[in-house]
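# Fold and contact review
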Amino acid sequence: MASDNELLVLIYENIQKTLNQIKDSRVVIQALANRVGTLETTVASMEKGTADIRERLEFVEETLTALNDTVYKRTGELASSAAGAAEAVNAMRGTLDRVTNPSILTISNAHTATKEAVRDLKSVHNRVMDEFEQYNLRLARAEDAIERLIKKQLLTEAPAVISESEGKNDAE
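Let's shift gears to the overall build of the protein. Along the protein, the regular secondary structure elements total 2 helices and 0 strands. Split into buried and exposed, the 172 residues of the protein put 13% on the buried side. Intrachain contacts of the protein at a sequence separation of at least 6 include 88% that bridge at least 24 residues. When the accessible surface of the protein is summed, it comes to about 12800 Å², and 57% of that surface belongs to carbon and sulfur atoms.

Enumeration over the complete set of coordinates arrives at 3 salt bridges. A salt bridge links K48 to D52; its shortest N-O distance comes to 3.8 Å. Separated by 4 residues within a single helix, K48 and D52 lie in helix 1 (residues 2-72), roughly one turn from each other. A relative accessible area of 33% means that D52 is categorised as partly exposed.

Next up on the list: the nonpolar core. Of all hydrophobic cores here, the largest spans 5 residues; its members are I15, L19, I22, F132 and L139. Those elements that place two or more of their residues in this core are helix 1 and helix 2 (76-171). When residues in this core are grouped by element, the largest group, 3 residues, is from helix 1. Discounting chain neighbours no more than four positions away, the residues touching I15 are F132, Y135, N136 and L139.

Right, let's get into the environment of T114. Residue position: T114 is located in helix 2. C-alpha separation for the pair T114 and L32, spaced 82 residues apart in sequence, amounts to 9.3 Å.

A few words on the environment of V43. Note on placement: V43 falls in helix 1. With 61 residues separating them along the chain, V43 and I104 place their C-alpha atoms 6.9 Å apart.

Rules and cut-offs
Residues numbered from 1 in each chain as written. Predicted model: local features only at pLDDT ≥ 70, side-chain atom pairs only at ≥ 80, totals over all residues. Heavy atoms only, no water. Helix = DSSP H or I, 4+ residues; strand = E, 2+ residues; numbered from the N terminus. Buried < 20%, exposed > 50% of the residue type's maximum accessible area, 1.4 Å probe, protein only. Contact = heavy atoms within 4.5 Å. Areas by Shrake-Rupley, 256 points an atom, 1.4 Å probe, with all protein chains shown as cover. Salt bridge = Lys/Arg side-chain N within 4 Å of Asp/Glu carboxyl O. Core = buried A, V, L, I, M, F, W, Y, C linked by side-chain atoms within 4.5 Å.

By themselves, these observations are geometric and do not establish any function.
Set out below in structure tokens:
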């Protein structure tokens, strides 16, 4: 009987420890979800910034083309400046196409994968919490059954103890 109580105490302590670990994991998951949300905002901001840069480059390119059509054809020095500016615009466009856009795409893909991993982790966590709740219910039932067995055993031992004590009182 004492060993049963010790076993129940050990089981209870183990369950409490596991519950605390699960609660800690929930905090970690929530922090991770917040960080993923921040990353999502940053990626959206980068995409918007890239679109703004592209629009500005198009405006500069259109302006250079217009200037080239009017003024730069008249003087050779201005024509070489226009060519240099056009090369700079093309280099910036190349940087956008070769570096910035692929980087944003990589970050976006990583963000999507992270978001899916967090979703999966959250569903696993929910399943663990459900299982833990079921385990708690089974443990409560087991504790109730043990308590009933102990009461039953005490009730069956009580008449024997009473009759033994009556026997001792009669002998005196």
